[in-house]
Amino acid sequence: MIRRFTFGNPIPTEAVVLNIEKRKAVPPIDESIAVMDGMAEIKRTVNGFIMKMRDEDIVYGLGENVRGINKRGWVYESNNSDEPKHEETRKSLYGSHNFIVIAGEKPSENYGLFIDTPGKVRFDIGYSKYDELKIEVIPADGDSEDYTSELNLDLYIIEEDTVLKTVKSFRGLVGKSYIAPKWAFGYGQSRWSYMSSDEVREVVKKHRDNHIPLDSLYLDIDYMDDFMDFTINPDTFADFKELVEDMKKEHIHLVPIIDAGVKVKEGYKVYDEGVQNGYFCKDENGEDFIVGVWPGKCVLPDMLNDEARAWFGNWYKVLLDLGIDGFWNDMNEPALFYSEKRLKKVFDEIGEYKNKNLDVNTFFEFSELAGSIANNPEDYKSFYHNYKGQKIRHDKVHNLFGYYMTRSASEAFKRLVPDKNILMYSRSSYIGMHRYAGIWQGDNRAFWSHLLMNIQMMPSLNMCGFLYTGADLGGFGDDTTSDLMIRWLSFGIFTPLMRNHSARGTRRQEVYQFDSKSMDMMSGIISLRYRLIHYLYDAYTKACEQDEMMFRPLGMDYPSDKDARRVEDQLMIGDAIMVAPVYTQNATGRSVYIPENMTMLRFKGAELVEKTSLTKGHTFIDMPLGEVCIFVREDKELKLADAGAEYVEE
Ligand code: GLC
């Protein structure tokens, strides 16, 4: 059952596809909205909702976020952020996924909440008070202090017999997830950046020469001419078309990046057309709002304006025509290095510190001034969209920008190449975007804790409809190590997006860059992915088609099992298997909870070397580096493809 409560006049987000009838009267402040059988009463507060949690309640959800599968004990904020520090102290990453499920000890005791609003929402999940869940809308600054008028949102309360059914019902509400092409389940190699077509050819050759399977090679910002979207660097990628064709013969898909910011440059067609048609976001005076991104001064296409969105989407044709069939959309929170106005202000103010004796106060003021330039909240309040015919300040619809940018591409693909399934994923997102594309999990780092975060984020993203997803394997920032790379690949072989990506300036982490023993282990593990690919792609498409989760916490599959409910580092994948990845350096095994009798398959690289029956309960399993253990449910079978594939057969 889904109930919808509409407060005030919500700004539409187009997250939801079902038209659920609104409840007539919404309760006043302090009154009860709904009583969840045996669990809690949801009450209206001045700026949101409040409810009690019992000790045994688990809170699942919130999609892309830091911390565990059970979200209790922290405060999260939906505020799409260009956040390269995925630390435990963070409250927001790149996406806003305002769906949670509160699950009690009995399977039937559960309810889901979806808060549909494009502005900031704070989820205090037992942070201020252990047994209290508080959801607050953070009013846009400068708006009325009268919170009651700020509560402009749709609240959906979803109740079914089990958590999995509640999730399924929610997913029905928000519509079918995007299905990526099968080749996008192959291994992808990326780097910021491969600097020339020669380098691209060389990286591919090294994979093929070493029999490291590979299906895609990523082009980061340097393939462009001066970081201008929909251009090609005429010197370093002069033979782009031929390169794409040659790569196709090698069964390699090239996947270029597209950024949200469009360079300000007269004579650059994307810029000129956008200016002529008024398609860029405007400042309060109606002038194009100038921000800084990769090429320096940029403007932001108004992705929320239907006409501008269609226009921006049409530009992907430039690359489609060159044979490209996959893209990643980046910096679409949108990330702002600076705004022209802020930069001027900071330069003016910084001068005042020049001749000062910088003491404890002034030194920190000074450094904060410099640190306040990027992604400044004031800047997000300084430009406007034309959304459904209305002028609307950006911060009020902030969390929709990445969604609508990606939608522009996806809608264009349907118009331009209706018979093709184009790979598309984005950094920033909001629920609703899952119908158009996947996401990658942003700029993580070569930390063991970020491997664990990748594991824990998979089910919460799946709950919110994002099934085509994965993290930068090996870690994007900082120098990776061979053992971290091996362990991360050992988990990454299960995630739909399996991409090794790293930042410029860090240690090279293409598999062949490591010593031969490590390379062999990595290569063997990647080969195992290709043996699992049919199982994984079937599980994925089924989950997309049937509004289900491909990755599930044990507590969802075994809701009556107290031990299973508390497991934070094992996952069920598809109908047949469970994984228990190693995510600690130098560990050669780990404790595993077996929730029902299972068969353990041990692989050394791609080769199956052991098959052992395990009985329900806690056990310790040896998992040396280079070996992967897969746990198969008692009544299920894991069908493996033959070993030896070096790319996905289409
Ligand atoms: C952003 C992206 C990262 C990319 C870099 C350069 O940080 O998240 O993946 O490599 O920009 O384009």
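Residues numbered from 1 in each chain as written. Predicted model: local features only at pLDDT ≥ 70, side-chain atom pairs only at ≥ 80, totals over all residues. Heavy atoms only, no water.

Caption draft 1: Quick look at helix α3 (residues 197-209). Between its first and last C-alpha, α3 extends 18 Å over 13 residues, near the 18 Å set by a 1.5 Å rise per residue. Among the residues making up α3, those that are buried are Ser-197, Glu-199, Val-200, Val-203, Val-204, His-207 and Arg-208. Next to the buried residues of α3 lie β13 (187-189), β14 (216-219), α4 (240-249) and β15 (253-259). (Helix = DSSP H or I, 4+ residues; strand = E, 2+ residues; numbered from the N terminus. Expected span 1.5 Å × (residues − 1). Buried < 20%, exposed > 50% of the residue type's maximum accessible area, 1.4 Å probe, protein only. Contact = heavy atoms within 4.5 Å.)

Caption draft 2: The arrangement of the nonpolar core in detail. Counting 197 residues, the largest nonpolar core has Phe-114 and Phe-494 as the members making the most contacts within it. The biggest single contributor to this core is helix α14 (residues 516-545), with 15 residues. (Core = buried A, V, L, I, M, F, W, Y, C linked by side-chain atoms within 4.5 Å.)

Caption draft 3: Expanded view of the pairing of strand β10 (residues 121-125). Counting buried positions over the five residues of β10 gives four, a clear majority of the element. As defined by bridge partners, strand β6 (residues 74-78) adjoins β10 across five bridges and the pair is classed as antiparallel. For Glu-77, the partnering residue across the bridge sits in β10 and is Arg-122. Relative to strand β11 (residues 132-137), β10 runs antiparallel, the two sharing five bridges. (Pairing = 2+ DSSP bridges.)

Caption draft 4: Broad picture of the sheet that holds strand β1 (residues 2-7). If you walk across this open sheet you meet the five strands as β1-β12-β9-β8-β5, and the pairing is antiparallel. Edge positions in the open sheet fall to β1 and β5 (58-61), since each of these has one partner strand only. Geometrically, the sheet is characterised by an average inter-axis angle of 20° between neighbouring strands, direction not taken into account. Helix α2 (residues 163-174) rests against β1, β5, β8 (99-103), β9 (110-116) and β12 (153-158) of the sheet, and its axis sits at about 25° to β9. (Axes fitted to C-alpha atoms, helices over the stretch in contact; angles between N-to-C directions.)

Caption draft 5: Representation of the site of the ligand within the structure. All residues adjacent to the ligand are Trp-192, Asp-220, Ile-221, Ile-257, Trp-294, Trp-328, Asp-330, Arg-427, Trp-440, Asp-443, Phe-476 and His-501. The side chain of Asp-330 places a nitrogen or oxygen atom 3.0 Å from an oxygen atom of the ligand. Here an oxygen atom of the ligand and a side-chain polar atom of Arg-427 are 3.0 Å apart. Out of a free accessible area of 310 Å², the ligand has 97% covered by protein chains. Looking at the shell around the ligand residue by residue, the class counts come to seven nonpolar, one polar and four charged. (Near = heavy atom within 4 Å. Polar contact = N/O pair within 3.5 Å; in protein donor to acceptor, adjacent residues only side chain to side chain. Areas by Shrake-Rupley, 256 points an atom, 1.4 Å probe, with all protein chains shown as cover. Nonpolar A, V, L, I, M, F, W, Y, C, P; charged D, E, K, R; others polar.)

Caption draft 6: Examining a nonpolar patch on the surface more closely. Together, Leu-358, Val-360, Phe-363 and Phe-364 give the surface a local cluster of nonpolar side chains, amounting to about 370 Å² of exposed area. Topologically, Phe-364 is positioned in helix α9 (residues 360-371). Overall, the relative accessible area of 46% leaves Phe-364 in the partly exposed class. (Patch = residues over 30% accessible without salt bridge, like charges linked within 9 Å, V, L, I, M, F, W, Y side chains within 5 Å. Salt bridge = Lys/Arg side-chain N within 4 Å of Asp/Glu carboxyl O.)

Caption draft 7: Spotlight on the environment of Arg-309. Position of Arg-309 relative to the elements: it lies in helix α6 (residues 306-314). In this view, Arg-309 contacts Asp-302, Met-303, Leu-304, Tyr-404, Arg-407, Ser-408 and Glu-411; residues no more than four positions away in its chain are not counted. At 3.1 Å, the side chain of Arg-309 forms a polar contact with the side chain of Asp-306.

Caption draft 8: Main features of the pairing of strand β18 (residues 296-299). One ladder, built from two bridges, connects strand β16 (residues 262-263) with β18; its direction is antiparallel. Across the sheet, the residue bridging to Val-262 is Val-299, located in β18. Bridge count for strand β17 (residues 291-293) against β18 is three bridges, and the pairing is antiparallel. Bridging across to β18, Val-291 finds its partner in Cys-298. Linking β17 to β18, which pair antiparallel, is a turn of two residues.

Caption draft 9: Broad picture of the side chain of Glu-510. Relative to the assigned elements, Glu-510 resides in the loop between β28 (498-500) and α14. When sequence neighbours within four positions are dropped, the list of residues in contact with Glu-510 reads Gln-189, Arg-191, Tyr-194, Val-203 and Asn-500.

Caption draft 10: Focus on the pattern of salt bridges. With the rule as written, the count across this model stands at 57 salt bridges. Where Lys-562 meets Glu-105, a salt bridge forms, and the shortest distance between an N and an O atom there is 3.6 Å. Of the two residues, Lys-562 sits in helix α16 (residues 562-565) while Glu-105 sits in the loop between β8 and β9, which places them 457 residues apart along the sequence. Residue Glu-105 is classed as partly exposed on the basis of its relative accessible area, which comes to 34%. Via salt bridges that share partners, Glu-14, Asp-306, Arg-309, Lys-388, Arg-407 and Glu-411 belong to a single interconnected network.

Caption draft 11: Broad picture of the side chain of Thr-480. Relative to the elements of secondary structure, Thr-480 occurs in the loop between β27 (472-473) and α13 (482-492). Of note is the side chain of Thr-480, whose polar atom sits 2.8 Å from the backbone oxygen of Gly-474. Beyond its immediate chain neighbours, meaning those up to four positions away, Thr-480 contacts Ala-446, Gly-474, Met-485, Arg-507, Gln-509 and Phe-514.

Caption draft 12: Spatial organisation of the packing of helix α12 (residues 448-463) against α13. Relative orientation of the contacting elements α12 and α13 amounts to 5°, with a least axis distance of 10 Å. Judged on the interaxial angle alone, α13 and α12 are roughly parallel. Across the interface between the two elements, Trp-448, His-450, Leu-451, Asn-454, Ile-455 and Met-458 from α12 touch Asp-483, Leu-484, Arg-487, Trp-488 and Phe-491 from α13. When the residues that make up the contact of α12 with α13 are grouped by side-chain class, the tally is seven nonpolar, two polar and two charged. (Parallel < 35°, antiparallel > 145°, perpendicular 65-115°, else oblique.)

Caption draft 13: Focus on the sheet that holds β17. Ordered by their spatial adjacency, four strands build an open sheet running β16-β18-β17-β20, and the pairing between neighbours is antiparallel. Across the chains shown, the open sheet's two edge strands, defined by having one partner strand only, are β16 and β20 (338-339).

Caption draft 14: Looking closely at the state of the cysteines. Applying the stated rule across the entire model yields zero disulfides. A disulfide-free cysteine, Cys-281 has its sulfur positioned 12 Å from the sulfur of Cys-298, the nearest such atom. (Disulfide = S-S within 2.5 Å.)

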